[in-house]
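What follows is the residue order along each chain.
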Amino acid sequence: MALVDVIKSCLDSINQISDHIEGATLYLDGGCTESFQFLGAFPLLLQLGVRAVCSLENMSPLDSVVDWKPNFDPVRKIVVITSRLLSDAHRYILRCLSMHRGVRHCTIFTSISEIAHSAYPDSPLGPDAFHEYESLLVLDYEELVKKCETKSRQSGDTSLLENLTLEDEGWSQLGPIEESISQIEARPSPRDLDQDNSVGCMEDVGQKLVVSVHHFPMILCPFSPRVFILPSEGAVAEAYLSTEHEDSLSPGLPPLSTGLPPDGDDIPPGATLTAHFLYHLATKMDLKMEIFSFGNLSKTVGKILTDMSSLYDVGRRKRSAGLLLIDRTLDLHTPCCHGDSLVDRIFSSLPRRERTTSSTHIKGSQTQPKHRYGNLHRRPLDVQIPLGKILCEEDSSRDNIRLLESIEAFLCGWNSGSSDAQIVDLVNLSAKLHSEKSPQSEIELLSGSFVAMENFHGTPYLETILDRRMKDGTILVKKWLQETLRREKMTVNVKMRPGFATKSDLQPMIKALTKSQSCLLRNKGIIQLAAATLFTLDEFHSSRWDVFTSAEKILSVSAGDTSQSLAAQIGDLINKSALVGSHEQKNGKMEPSEGLLSFQDALLLTIMGYILAGENFPTSGSGGPFSWQEEHMLKEAIVDAVLENPAIAKLKFLDGLTEELEANINKIKSEEAKEDSLDQLKLDEFDDDQWGNWGDEDADDNNNNTNKEHVYGDMQLKLELRDRVDNLFKVLHKLSSLKRRNIPLREGALAVDNDFSGDPSTSKGLLYKLLTRVLGKYEVPGLDYHSSTVGRLFKSGFGRFGLGQAKPSLADQNVILVFVVGGINGLEVREAQEALSESGRPDIELIIGGTTLLTPDDMFDLLLGNSSYI
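Described in the following lines is the structure provided in the data block. Remember, predicted model here, so these are calculated numbers, not experimental data.

Reading the values: the criteria
As a convention, each chain's residues are numbered from 1 in the sequence order in which they are written. Note on the predicted model: pLDDT of at least 70 is required for a residue's local features to be given, and 80 or more for side-chain atom pairs to be given and counted; whole-chain, interface and lining totals, by contrast, use all residues. Side-chain descriptors were evaluated using all non-hydrogen atoms of the structure, hydrogens and water having been removed beforehand. Two rings belonging to Phe, Tyr or Trp (six-membered ring only in the last case) form a pair when the distance between their centres is within 6.5 Å. Interplanar angles under 30 degrees mark stacking, angles over 60 mark edge-to-face geometry, and anything in between is tilted. A run of H or I in DSSP becomes a helix once it reaches four residues, and a run of E becomes a strand once it reaches two; helices and strands are each numbered from the N terminus. Note on classification: 1.4 Å probe, protein chains only; a residue is buried when its accessible area is under 20% of the maximum for its type, exposed when over 50%, partly exposed between these limits. Throughout this description, the term charge over a ring refers to an Arg CZ or Lys NZ atom that lies within 6 Å of the ring centre and within 35 degrees of the ring normal. When charges are counted, neither His nor the chain ends are considered; positive counts come from Lys and Arg and negative counts from Asp and Glu. Salt bridge criterion: a side-chain nitrogen from Lys or Arg within 4 Å of a carboxyl oxygen from Asp or Glu. Polar contact is the term for a pair of N or O atoms within 3.5 Å; when the atoms are in protein, one must be able to donate a hydrogen and the other to accept it, and sequence-neighboring residues count only if both atoms are side-chain atoms. Residues belong to a common nonpolar core when they are buried Ala, Val, Leu, Ile, Met, Phe, Trp, Tyr or Cys residues joined through side-chain atoms within 4.5 Å. Contacts are assigned to residue pairs with any non-hydrogen atoms lying within 4.5 Å of each other.

We now examine the packing of aromatic side chains. With the rule as written, the count across this model stands at 11 aromatic pairs. Ring centres 6.2 Å apart and planes at 75° place the aromatic pair phenylalanine 109 and phenylalanine 216 in the edge-to-face group. One end of the pair, phenylalanine 109, is in strand β4 (residues 105–110); the other, phenylalanine 216, is in the loop between β5 (210–215) and β6 (221–224), and 107 residues separate them in sequence. You'll find phenylalanine 109 and phenylalanine 216 in the same group, each marked buried. With centroids separated by 5.5 Å and ring planes inclined at 15°, the aromatic side chains of phenylalanine 223 and phenylalanine 347 adopt a geometry described as stacked. With phenylalanine 223 in strand β6 and phenylalanine 347 in helix α15 (residues 342–349), the pair connects residues that are 124 residues apart, well separated along the chain. For phenylalanine 223, a relative accessible area of 3% puts it in the buried group. Phenylalanine 347 sits in the buried class, given a relative accessible area of 1%. Pairwise contacts between aromatic rings join Phe38, Phe223, Phe347 and Phe450 into one cluster. Positioned above the aromatic ring of phenylalanine 729, the side-chain terminus of lysine 635 is 5.6 Å from the ring centre.

Encoded structure:
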C-alpha cells in the first residue's frame, strides 16, 4: 500500500485541473502563492501550459506582457486560484477581469467548499454558493463595464491618465473599483497600437463572459510529505477560533476547555472552516477518519467532521486512519519556549515576506465585505533568506556586480517593449543596483525561500532538518556543503573541526558555491538552507536565543522552589530590561544590544513564569498564583519600566497612553536640564549676592503652584497606567489558571509530569506526552472519540442485545493524522517523532499539521499583542 504523502496529493490535485489552466493566465492570491512556493509547484504549472503566473492582489498592467509576443494570441482565458472566501476575493477578481477586457472565460478555484461558504457567518452566499457567485460576478462585471464606458464617453479625453506611474495604480492609492478600472483602460499597451487588434478587443467586450467556480481544497504549506501547516493569508488560518468572552485569550487561539460546549450560534468560523478543510484533505488522500479530540474546540471540530462523514461517506471504501485533534490552549508553554530546534531558530530569526494585503489596501475600498468576526493577520510563512547579504561582502563584490548586471539585463530584455516611462524606471533600478547606499535593493532581488521539494540526492532538506536540534542540524548542513563542493570539484582552504559547525565554517563554502551563476542555480537548495543557518548563527540572533534559553531555565528551576523565588526572578528580568531600555534610549538605539533582552522579551518571560506558577502554586493568592505583596512588586516594576522607557512600551494594553508617556518623559528631562542650569546660575549669583532671593515670596508661590500641577499630572498618569497594568495582570491570571480551568489537564499523567531540572531538553510538551500515552494504549482522561452514525446506532440500539461496538483505539490505526487547532512549532514536530520512535511502532505513518507555525514572537502577539483580547 502506498505511503501517505501530502506533497504528492497536492501536486496530483494540480495535475487534475490541467485542462482548465492550459493556455490561461493564472492569478494566485497570497495564500495560494505561499502554498505553491513550499510545494515547488511553479515549474509544474508552466509544464501544464500556463501562460503566466501573476499575483491576484498586486495585479498590474504588465501582467498582459504575454500579449506582446507575436506568437501568442490575446488573453482569452483567466484562471484564479484563491484561498479566501469568494466574497473576500470578489473585488480582486473584478479588478483582474477589468484589466483583461478581451477575456471570454474566467475559471475560479477556491479552497473553501460550497457548504463552508453557506455555513460561514454573515455569508452573502447560500447553499448553491458557486452557481450564485457565477451569476453575481457576471452581473457586477457587466455593470462596471457599462459605468466605465459611460464615464469614458462623458470625459471624451483619457490622455491625462496615460502618465500615471505604476505606483499611482497600485493598492496604496486604492479607491472605488470603477475608478481603478477606468485608470487601467487609460493605459495603452503595445497591442493597442495595432488597429486590427484594437477592433478585435472591442468585439470581445461585447461578448458574454463565461464564469465557472470550482472547489480546490489542497491549499496548504507542506514542510515535508508528512508535516504541513495552513497558508498564513488563507481564510482558514485567518478565521477566528474564539469569540471574546471570559474563557478566551485571542481570536487566533481556541478558548479554554472548561467543559461547556458552545451553542450553535457561538461556533467560531475557524472551527467550521477547519473541519471542512480536514474533511476534504482526507477525501483527497482517500482516508476514512476515526476521529478523536482533546479540548473543547477540537470536540466541536470533531462533531462537524463526524456529521459530514456520516452524510457523504456512506458506501465508500477507503483506507482507515486516525485523526487526533488537539486544542492549542491546552499547552501554551511549549510554543512560548525557545527550544532546541534548528527550524524554530530559522523561522524566528529570518525576516518574512510582507503580506500581500494589509489595512491600507482595504481602507479605501467600498466593496470590501464586513464580517461580524473579522480576520486575523498572521505573519507570512515565506521567509526571506538573505542571499544578497552574503553576495555583497567585500571579497565577492566583483562577482556580485556581475550577477546584478545579469539580473538587470534580464529585466531590461523582459521590458524591451515598454514605454519611455518604464525605461526610466529601469534606469533608476540600475542606479539603485550599482549604488553602495542601497544594499536593501540587492537583498530584495537575491532573497531566497524554502521549497519542500528541494533535496540532496533524494533527501529533502526541510524534512531532514525538521527533527534536528540546533547542533545536529548545523553539522548536517555543513556535511551537505562539503559533499556539494566535492561534487563541483571545488576546494576551500578553511580549517574545520569535526563535530562542530560555526559561521566561519559555513560562510567560505557558501561563497565558493555562489561564485558562478550556473553553480548557484544547480545547488540553490543547499545554498539557501546554508544561508538561513548562517543567519541564525549570527552573533545577534544566537546570543539572544541563548539568553532566552538561560532565562527560561532559571524560571523552570525557580518554579520547583517557592513562589517568592519565582516572583523575584520575574521582577529581576523586568528591572534589567528597563535598565537596558533606558541605556539604549540614551544612546539613540531602538533595539537591544547583543545578548540583552528588551521589555517585550521580559513580558514574554513573565507569561511563561505565570504559566509555570499556575501549575505549581495554584492557591498562593486570591486572584493569581502569587501573594499580594509579590504581585504588587511585579506591577510596580512594570509601571516603573514603562514610565522610564515609553518608547519601548508601544504595546496593545497601553493604547492611547503612548503620547502622554513620551510627553511625560520629555518634560522630566527638560525640567532636569532646567534645574541643572538654575543651580549653576544660583551658584554664580551667590558669589555676587550672598543674600540670593531672600524675601521673594511671590516667586516661591509660583514655583509651589507649578510643582502642585506637576504632581497632579504625574498622579493622573500613574493612576491610568496602573489601571492598564491591572488589565494586563488579569490576562496573566487567566494564563496561570490554564491547568485549573482546562478540564483535560486537571488529572492524569498529562498534568503532573513536570521537570524542574531546568534542562529544556528533558521537559516535554503536551503533544509528546499525549502521543506516548495514546500509542502505549493507556487511558487518557478528556480524550473523546466521535462515533459515526452507524457506530451510534450500534451503541444505542443494538447495544442492549449485546451487539455494541467497542470503542476503537487510536494506536490500532496504521495512519495517524495529528492536527493542532491554533498552530504548532518545530520543537513539537521533533518531539512527536521521538514519541513515535519510542513506541516501537515503525509501521505507523504519522502526519502532523497545524493552523500555523508558531514562534515565541507569534505567541506574544496572540497573548499580549495586536492579535489578543487584552
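What follows is about helix α37 (residues 856–863). In an α-helix, one full turn covers 3.6 residues, which means residues spaced three or four apart are oriented alike. For α37, a buried count of 6 out of 8 residues is recorded, marking the element as mostly surrounded by other parts of the structure. Regarding α37, the residues found buried are Pro856, Asp858, Met859, Phe860, Leu862 and Leu863.

Moving on to the side chain of arginine 91. Considering the arrangement of structural elements, one finds arginine 91 in helix α5 (residues 86–99). As a buried residue without a salt bridge, arginine 91 has its nearest oppositely charged side chain in glutamate 57, at a separation of 8.7 Å. A polar contact is formed between the side chain of arginine 91 and the side chain of tyrosine 92, at a distance of 3.0 Å.

Looking now at the pattern of salt bridges. Evaluated as defined, the whole model comprises 30 salt bridges. Note that aspartate 331 and arginine 328 form a salt bridge whose closest N and O atoms lie 3.8 Å from each other. A relative accessible area of 9% places aspartate 331 in the buried class. Note that lysine 777 and aspartate 812 form a salt bridge whose closest N and O atoms lie 3.0 Å from each other. Note that lysine 777 is positioned in the loop between α34 (766–775) and β14 (783–786) and aspartate 812 in the loop between α35 (789–796) and β15 (815–821), a separation of 35 residues in sequence. Residue classification places lysine 777 among the exposed residues on the basis of a relative accessible area of 54%.

Before going further, it helps to spend a moment on the nonpolar core. Core analysis: the biggest nonpolar cluster contains 70 residues, and Leu324, Ile346, Phe450 and Leu481 have the highest contact counts within it. The dominant element in this core, judged by the number of residues it contributes, is helix α25 (residues 524–536), at 8 residues. With near-sequence residues (within four places) excluded, leucine 481 lies in contact with Leu506, Met509, Ile510, Leu513, Ile526 and Ala530. Counting residues in each nonpolar core, the second largest holds 63 residues, with Ala24, Cys32, Leu281 and Leu325 among its members.

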